[in-house]
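# Descriptive structure summary
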Amino acid sequence: MNEENFPRGGRRDRASTIEQTDADKKSHKKVPKRKDENLFAEKDGSSEKKKGKRSKSEDGGAGKQKKSRMEGDMVGKINILTPTTLNKKSLYPGMLMLGYVKAVHNLSLTVALPNGLSGVVEITNISTAYTESLQQFAQQQEDGGEVESVASLGELFHAGQLVPCKLLEGGGPEDGRKLNLSINPRDVNGDIQATSLRHGMCVYGSVMSVEDHGYIMDIGVKGVQGFVKHKHAGRYIQLHNKGHTLCVGQLLMCGVNLEGDRMAVLTGQHRVLNLIIDPAKLHSLKMSDEADVAFSALLPGMKVTATVQKVVGEKGVVLKFHSSKGVVHNSHLSHPAGKYTQGQEVSAVVLSIHPLVKTIHLSLLPHLADYTGVPTPLFPGVGPSTVLEAARVTHADKTQGVFLTWQDKLHLYAQLHNLSDKKIENVALAFKPGTTHRSRILGFYPMENLVIVTLKRSVVDEKLMSITDIHPGELIECTVKELKPKGIVVEMGYRVSGFIPSIHLADVTLTHPEEKFKVGTKLKCRVLEVNRKRSRVYLTHKRSLLNSKYPLISAMDQVETGMVLEGFVSSIQKFGVFVTFYNHVQGLVPRPLLSSEPIPYPEKVFYVGQVVRCKVISVQQAEGKLKLSFVLEGKKEFGAREKIPEGFKVGECVKCVVAQKNATGLDVEIGNSGKRGFLPRMHLSDSVDLCTALWEKYRVGDEIETTMYWNKNKVAILTCKLSLIEAAKEGDLCKTFGDIEPGMMLPGAIKNIMPYGVFVEFANGLFGLVPNQYGVDKKVPDLGKVYRPGQTVVGKVVEVNQEKARFLASLRMQDCYHGNTETGLDITEAHLSDRQKLLDIEARAEGMRGTLARIPVGSVHKVMVTQVTDLGVIGQLESGVKVVVTKAHMKGVEVGEGESVHGAVLYIDLNKQCVEVSLLPQLVKDVDKRTSAKNTPEKAKVGQKVKCVVLLVKDDYVLVSLKGHCRGQLAYLPARRHWNDVLEKFQYEAGQENAIIIKRIDGETILGSLKVHEDREKEDEDRVSHIPTHNLKLGDICTARTRKIYSDQIYINISGTHGRVHQTEMLDKIENGTSPIPGIKSDSEVKVRVIGFREAKTFKYLPISHPNLHRAMPECSMKPSILAMETLPPDFSCTTGRLDVGSKVVAFVTKVTGQCVWTQVSPSVMGKVHILHLSDDVKVLKKFRLHYIVGKGYNATVIGVENDAVVELSFCAKKVEVQEGRPTRGIVTCVQRETGLVLQLPDGVRGTVNLTDITDHFQDSPTTGLKKGDIITGTVEEFNLIAKRAVVSLRPKRKDEGEIHDPRVGSVAELKEGQVLRGYITSLSHNGIHVSLGHGVWGMVPPDAIIADRSLDHTTDHFTVGQVVTVKVKSKAEDGSKINLSMLQKDTGVAVKLGKKKQRQRKRTLSSSSVGSDDGVSENKKVKRQRSLSAGSVDMEQDAEDKAVDSDVEEDIADHVDLPVMKVEKKKKSGKKKSSDDNSDIISGISDLKTRKISESSETEKGKKKKRKKKGEIIEDKSQDLVLSDKENEVIVKSKKVSKNKKDKTVKTAETVSQEVMEDSEGHDSDSGIEVKVMSTASEKKPVLDVGAGFSWDTEFKIPALGSGETSDEDSDDDNNQPQVKKSKEEIRREKAEEEKKLYKYEMEVLGGDRRPETSDDFDRLVLQSPNSSLVWLRYMAFHLESTEIDKARSVAERALKTISFREEQEKLNVWVAYLNLENMYGTSESVGEVLARATKQCDSIAVNLQMVNIYTTSGKMEEAEQVYNNLVRKHSVNKNVWLKFGEFYFQQGRSDSARKLMQRALKSLDMRHHVDVITRFAQFEFKLGEPERGKTMFENTLSTYPRRTDLWSVYIDMVTKIGQHDNTRSLYNRVISQKMSAKKMKFFFKKFLQFEEKFGSPSQVAEVKRKALQYVEAGAE
């Protein structure tokens, strides 16, 4: 038997048992493994077996016998009662061991085991709950939905923590694998039975989940869970977990608490164990010695009290505990073995358990036996390679080594081979006890609390032992070890290596470094960077850095402003140069600071690796940013000025010769001057696509005939752009800033494209900014999609800032283009000419490029197909040239690989060396026929009009094939009508047919122009040329005749001059609801006065000084007041609003919205009338849409002026204002169950109604019946004029206050201690119940003051928010900040009624489901009755009181909220009677159509429907619009009956109406398909602020008068906190009044829009006043974006998200959408993803993602939008709308096939009830965006299954009608009227049929429809 003890004897050449340090990893040396790695093993030669031949069986013959042999050997070798140490040979899979967490990595733990062994715990072996959390996290990230964070291993574990482990694999005599461990409690404790658990037992458990009251722990025992209460875990969390709550997967040492029934313990009936994790309690918790613990219940880390049974010499001791025996090796004894006696009682801990031989190892070391779950540092102040002075020898053994101590706190051990560099004959003599030695730490054995050291002098004196000894900036001598392509590997010390990159080998770049550096060469280097995570050291050998005298910077905190530093260039960008110092400290030198003179091309001056000296300008340590400058005093600047050629003049043309090529352009020699110039690559041609090709063509020595001086900056900058050269010849170049004036047209080239605009470079280095709004005519989110750097443009100067020497320009076509089609032809012709020259040059070359260039466009060639893809075909010509055929050019052609087909060449791509070919049969046939014709075919001629088909669309031209007599000829159309036209090409697509006019022919090149463009140019010329001149002047009074009359204006004729009179200029006063237009007859005579002039072409108003005023159209007025003036005022203008507050005007309605009515006050001024200012009659306000008709005029008063174009009006006769103590009207904008109502009051005042201010008699849920949009009346109790906040009460004013059941509490001062009153519950928590007693008065009822002799911890189980409770005021703080209340019956005299959660939920379900019930008992009463019954105490008096209160409450509500009240009665109907009524309706309907009038009965019926729809209570299904729009595509049927009293008075809400409609349909076909939309108040969504796709960052924001859904802020108490000033009362009052006056004036200007905030402080004031208004925050963000401060805009967004109340979901959503817009425009894809992930967590995931889709779609990022949709349908696969929007997206992108596949996926995921709707919507998409025939097929298939679905028939018919197939529509109508349906439905279809025939049919067809209708009626009567 091989007994293993302490090591003895034997010389070792390598320290294989030493723990590998960081230096070992850098050495890259392979250290051979030693077979015996046992630190404490004896080296006894007698125990070793002699080597010999292995038998056949030993050679591993049968795999099944391997494990059994191993087990047999293990049993034979191990004596379970002999103290031994663990080694790799004795390990066995399944073995349990106690481990010590040595290191925590991202995906694993490194665990130290006994005897220096080490293992790895993978992240999947932590715990089952943690693994499930990781899997869920990964799935959520893949789906793109809300991601719940998972704690990292660094948060769960700490170095020094003890953990029990189970060996999964590794170990054994021949196993060289790493030890793979598991700490999962289900692996470690899986063998424990529930009956084996004992009180006081120590187990390790993992947090399984976090619950409301504590933590559920997984202890691995089957059928048993642990539980730790929050209050029991608090001490551990605060003291040992840094205050953080426990996380899922966290492993804790737990004590089992089984105090209680012993039988439950013995039978294992404890399914939930109370566990103890407090270290103080664990220390005192012990298992009883009498406890019978089974062997399977023993665990590593378990504490036991044992008795010494035997002392085995110096090897250790044998212990007995409970019913087991174990051994302790002397390495785990706290004292020498000889000091222990038999029978001695000791405290031990289980160290390891061998499952096969039942061996138990224990430890008596204090750091293990006394461990209570808190990691303790074992080796403080020292680390690997630390040198320890004066280590004292305690014991020396020739077979083991030397044991030492250091400062009596560390135990050291030096092995025999680490004692000396020389051989030691006598160890005991050389190392006597008490002697001291220098030592160096090599490693640690934490389980034995032992430090492994070496005493070798060579190792102790070594300077570098590991990477931790190296610091950035220090000088190091090293030796070349290996040469690599990217640098040199050097050796710096004892197994420590470094790397010198190639750019750091010398100050200059070395071409052949191997000639200078040889292996073994000694070098002196300086440390650049030490990367300890990757164990890498980077060095530099640059002499300038080695000898640098400047500070060595290795951390950002070492940098100070003004310091001069030396570093090296690490990166060169357009905006500047990055300089890197030591330890990767990096700074940026912006381009302006590179030199005192501008350096436009930094790459020509600097190079990577260049050593530079710079000065620190600014330091931002928090952000890690460093700003530097190369401009130093006394130092020669970079890029010193070169001599400019004599006679340099911008705009002068010169010849030049190419001297050198570089990546950005050409260095040229100018003429014979010998001076150098620079020709940028983007200036080689006007065509950006040809610039690169021309650059590649030029060679050194080539002569360029025509170049022009463009700019000078260090060197002369030249250009070859012909457009700029021509502009210079015509004198259009502006050479100095002083010459620039607004309106000038300047040619230039785009220099840079930024998120906020485009910078354009003009002549002589002038730069102008084109903001986004001036980039293109249509809004484009990213100008980089349409413009490119180097593109030639013409900019119109719109604004010049002389002080800052800046100007703004516009590139919009409307500003720069005036309809001349010749400009586009010139651009196209110039491009084709340059391209042909390039092809001619390439054609002279040999090889593939020459062959490619010689192929003529339009020629027919044979194509061999080599590959067929989804996008088209790839092939080659017979000459070997590559061919590409797109899918659009192979329609009707089926080809396969290897086949040959003829094609026509369309385009020659020199860059990709291929040709684009068309395989269209007709095109190939026409071209081939023309080229092979014997007779000369007829050709196109200039001026001819021909039709063409688009073949190819490029950036500079459009290739088309001509038709008619020109068939077979190709022509070119301009892709740009102007240099700035970037959108024209998007109007073309392959296959499109157009009519063109041939404009130019040059050989075989034909240029044409679209006929519509030519016609438009001609019309513009005719429009101006035909306008007669006139001598009219401003103010002239003329007699005119009416020429044309329109709904809002009349055109007049003034002596042959055409003019206009707008309806707002006709009357000074009008009868409300009328219009003056009907009273004016055509060709009648009117008297007018000229008030302005408009341009005939653009209809823009012209100033009176305009030179073309005599050709302009006069704008006139018929107002008596204007005509009565002798002369117009000098400042009179019809283009600006001359209105002041109080002015009387006539306003004509133009638009009616849900919030206001828009009107026209003058031709250029709009008026806005808020709902509350429409009328004094509340009834009119509730149905204002019916009273205010578009086109009608009303007398109005100006009450506010927003700007010159918009004013605020009022239609009310009386002034509507908010005053304290007076009644007011308001609109409910938000209903909050826990706080009350939010109102919108007149003049933009926001009001709040507390729950206690709704009625005089409190009842549960007082907001029931109130909904958003209701108009209510109340009394203003408090009003803050500056903040525009008001407190409103709906309580009626009563003369006798005694009638009030619940008096109003206005402040805390009105409360008295001992007062009993009622209030509303506002929130419930474990701290108690929050009760609202009045506006701003809240109190707290603690849990022990609710019910006597009982503390309610879970108040949510018994109470609800909004419930009325009776309380008594126990106490209140002096400042009113805290009010203590009591609900005890002994205090209030009212019994507390408790309800049960489950019963309450069930009751609500039953109540909501019984829609048609006639029971008049309200839901609140049912809930209240249930609560009283469940509590077991029914207070009859209270119930009676409640009944008496109910009626009064309802009357109070009805007084303030005009809700329709009616009785619900059952309708008794007769089927026959209804049928006859319907038949008569059909006949009357047909007669109505014949006479074109609406009958009175029909009008009444439609009026009822409209009223219902206007109220939002019910929306009847209009079949033709059922699924035509997104807003009407959801068929929502929600029913919820809300009863209001017990006296047969119920509020008729959407639910009751829905019930009546459903009853109406009884007796008819059940599958008739008439679906009713019922929109309940719960389903109403808040109005969404449109900041998604339509959000504009460059638009000035306006603060609304009232933000939707905002809660009021309490500002009234701010004055109490102001410090007192020692001044007289009169001074204080005067100063305060003056300050408030100024503040009020300022705030009114800001909020009213008259004063725009100009600074951040202004916006800060705004957000303080309206913290929940998203518009204010968005306006703040836009303010920063205007000054390109992107980071500040982001910080504002973050502030907004933190500030806005969590209740304001819509406001937060608005900010999130704006934030996403910001990141999409200015951020990266990663930043967008991060913001999107955060937004989906805090807001509705679907809403946020749909907004993200809109953002991506608007910005042209279709792939990203598709990815968002994919994530949506994966996560919300049961949501029908998501699938429909995704399908519509595919159709809009032209991807019909993808949409059809998506429909199949949707049908598999959605419920069957949604299938019909989905198929119908996709069929509509086919009609609108896809293939109508396929859509017809889908409708036919659906109708075959549901033939009586009227909605399907209606939509199908409408779709067919819209595509113009009238015969098919007629057939469908005949089919549907032949169906058997109810009379009501048949009437609907007959009416539609008749309307169709009257519009598209003939009189005979109309008569036929009437005949069929009459036949149907007669058949029904019979």
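Placed above this text is the structure.
### Observations regarding the pairing of strand S17 (residues 401–406)
Within S17, six of the six residues are buried, which leaves the element mostly enclosed by the surrounding structure. Of the pairings in the sheet, the one linking strand S16 (residues 387–397) to S17 comprises five bridges and is antiparallel in character. Residue pairing across strands places His395 opposite Phe403, the latter belonging to S17. What sits between S16 and S17 in their antiparallel hairpin is a turn of three residues. Taken together, S17 and the strand that follows it, strand S18 (residues 410–415), pair antiparallel across an intervening segment of three residues, in which Gln407 is found at a positive phi of about 55 degrees.

### Describing the sheet that holds strand S56 (residues 1144–1152)
Read around the barrel, five strands follow the order S56-S57-S58-S60-S59 and close on themselves; strand pairing throughout is mixed. Each strand of the sheet is rotated relative to its neighbour by a mean of 55 degrees, with strand direction disregarded. Judged from the six bridges that link them, strand S57 (residues 1156–1162) and strand S58 (residues 1165–1170) form a sheet pairing that is antiparallel. Looking across to S58, one finds that Trp1158 is bridged to Lys1168.

### Re the packing of aromatic side chains
For the coordinates displayed, the defined rule picks out 32 aromatic pairs. Relative to Phe578, the ring of Phe575 has its centre 6.0 Å away and its plane inclined at 90 degrees; by these criteria the two rings are edge-to-face. Aromatic pair Phe1886 and Tyr1912: ring centres 5.8 Å apart, planes at 45 degrees, arrangement tilted. Residue Phe1886 is located in helix H44 (residues 1879–1896), and its partner Tyr1912 is located in helix H45 (residues 1899–1917); the two are separated by 26 residues in the primary sequence. One aromatic cluster is present, formed by Tyr1765, Phe1782, Phe1785 and Tyr1786 through successive ring pairs. One Lys or Arg, Lys697, reaches over the ring of Tyr698 and ends 4.1 Å from the middle of that ring. Over the aromatic face of Tyr907 sits the side chain of Lys954, whose NZ or CZ is 4.1 Å from the ring centroid.

### Focus: the packing of helix H40 (residues 1811–1825) against helix H41 (residues 1828–1841)
In the contact formed by H40 and H41, the axes pass within 7 Å of each other and the chain directions differ by 155 degrees. The angle between the axes of H40 and H41 places the two elements in the roughly antiparallel class. H41 is crossed by H40, and the crossing has left-handed handedness. Between H40, through Val1812, Ile1815, Thr1816, Phe1818, Ala1819, Gln1820, Glu1822 and Phe1823, and H41, the contact on the second element is made entirely by Pro1828, Arg1830, Gly1831, Lys1832, Met1834, Phe1835 and Thr1838. Looking at the contact of H40 with H41 residue by residue, the classes come out as eight nonpolar, four polar and three charged.

### Side note on the packing of helix H34 (residues 1705–1722) against helix H36 (residues 1741–1754)
Here H34 crosses H36 at 35 degrees, and the two axes come no closer than 10 Å. Classified by chirality, the crossing of H36 by H34 is right-handed. Of H36, the residues touching H34 (which contributes Leu1709, Val1713, Leu1716, Asn1717 and Asn1720) are Ala1743, Val1744, Gln1747, Met1748, Ile1751 and Tyr1752. Broken down by class, the residue content of the contact of H34 with H36 amounts to eight nonpolar, three polar and no charged.

### A closer look at helix H42 (residues 1846–1858)
Taking 1.5 Å per residue, 13 residues should reach 18 Å; H42 reaches 18 Å between its end C-alpha atoms and fits that length. Along H42, twelve of the 13 residues are buried, which leaves the element largely enclosed by surrounding structure. Burial in H42 covers these residues: Thr1846, Asp1847, Leu1848, Trp1849, Ser1850, Val1851, Tyr1852, Ile1853, Asp1854, Met1855, Val1856 and Thr1857. Trailing H42 by a residue or two, Gly1860 shows a phi angle of about 85 degrees, which is positive.

### Looking at the nonpolar core
Across soluble globular proteins, nonpolar side chains have a tendency to be buried as a group. Counting residues in each nonpolar core, the largest one holds 86 residues, and the members touching the most others are Met1748, Val1814, Phe1818 and Val1872. For this core, the leading source of residues is H34, giving nine residues. For Phe1818, the contacting residues outside a window of four places in its chain are Trp1779, Leu1780, Gly1783, Phe1787, Ala1795, Met1799 and Met1834. Of all hydrophobic cores here, the second largest spans 60 residues; its members include Leu162, Leu351, Val393 and Phe444.

### What about unusual backbone geometry?
Here the phi dihedral of Asn115 falls at roughly 65 degrees; this positive angle occurs in a residue that is not glycine. Note on placement: Asn115 falls in the loop between strand S2 (108–112) and strand S3 (118–122). By relative accessible area, which is 3% here, Asn115 ends up buried. With a phi angle near 60 degrees, Lys358 is a residue other than glycine that sits in the positive phi range. Relative to the helices and strands, Lys358 resides in the loop between strand S14 (345–353) and strand S15 (360–363).

### Some words on the pattern of salt bridges
If you walk through the whole model with that rule in mind, you get 51 salt bridges. Residue Asp278 is joined to Arg235 by a salt bridge in which the shortest nitrogen-to-oxygen separation is 3.3 Å. Taken together, the positions of Asp278 in the loop between strand S10 (272–276) and helix H8 (279–284) and Arg235 in helix H6 (residues 230–240) put the pair 43 residues apart, joining distant regions of the chain. You can call Arg235 partly exposed: its relative accessible area is 46%. Residue Arg1907 is joined to Glu1904 by a salt bridge in which the shortest nitrogen-to-oxygen separation is 2.5 Å. Taken together, the positions of Arg1907 and Glu1904, both in helix H45 and three residues apart, correspond to about one turn of that helix. Residue classification places Arg1907 among the partly exposed positions, given a relative accessible area of 43%. Glu1904 sits in the partly exposed class, given a relative accessible area of 31%. Put simply, Glu822, Asp826, Glu829, Lys999, Arg1000 and Glu1014 are held in one network by salt bridges that share partners.

What counts, and where the lines are drawn
Residues numbered from 1 in each chain as written. Predicted model: local features only at pLDDT ≥ 70, side-chain atom pairs only at ≥ 80, totals over all residues. Heavy atoms only, no water. Buried < 20%, exposed > 50% of the residue type's maximum accessible area, 1.4 Å probe, protein only. Helix = DSSP H or I, 4+ residues; strand = E, 2+ residues; numbered from the N terminus. Pairing = 2+ DSSP bridges. Axes fitted to C-alpha atoms, helices over the stretch in contact; angles between N-to-C directions. Phe/Tyr/Trp six-rings, centres within 6.5 Å; stacked < 30°, edge-to-face > 60°. Lys NZ or Arg CZ within 6 Å of the ring centre and 35° of its normal. Parallel < 35°, antiparallel > 145°, perpendicular 65-115°, else oblique. Left-handed = near helix turned anticlockwise from the far one by under 90°. Contact = heavy atoms within 4.5 Å. Nonpolar A, V, L, I, M, F, W, Y, C, P; charged D, E, K, R; others polar. Expected span 1.5 Å × (residues − 1). Core = buried A, V, L, I, M, F, W, Y, C linked by side-chain atoms within 4.5 Å. Salt bridge = Lys/Arg side-chain N within 4 Å of Asp/Glu carboxyl O.

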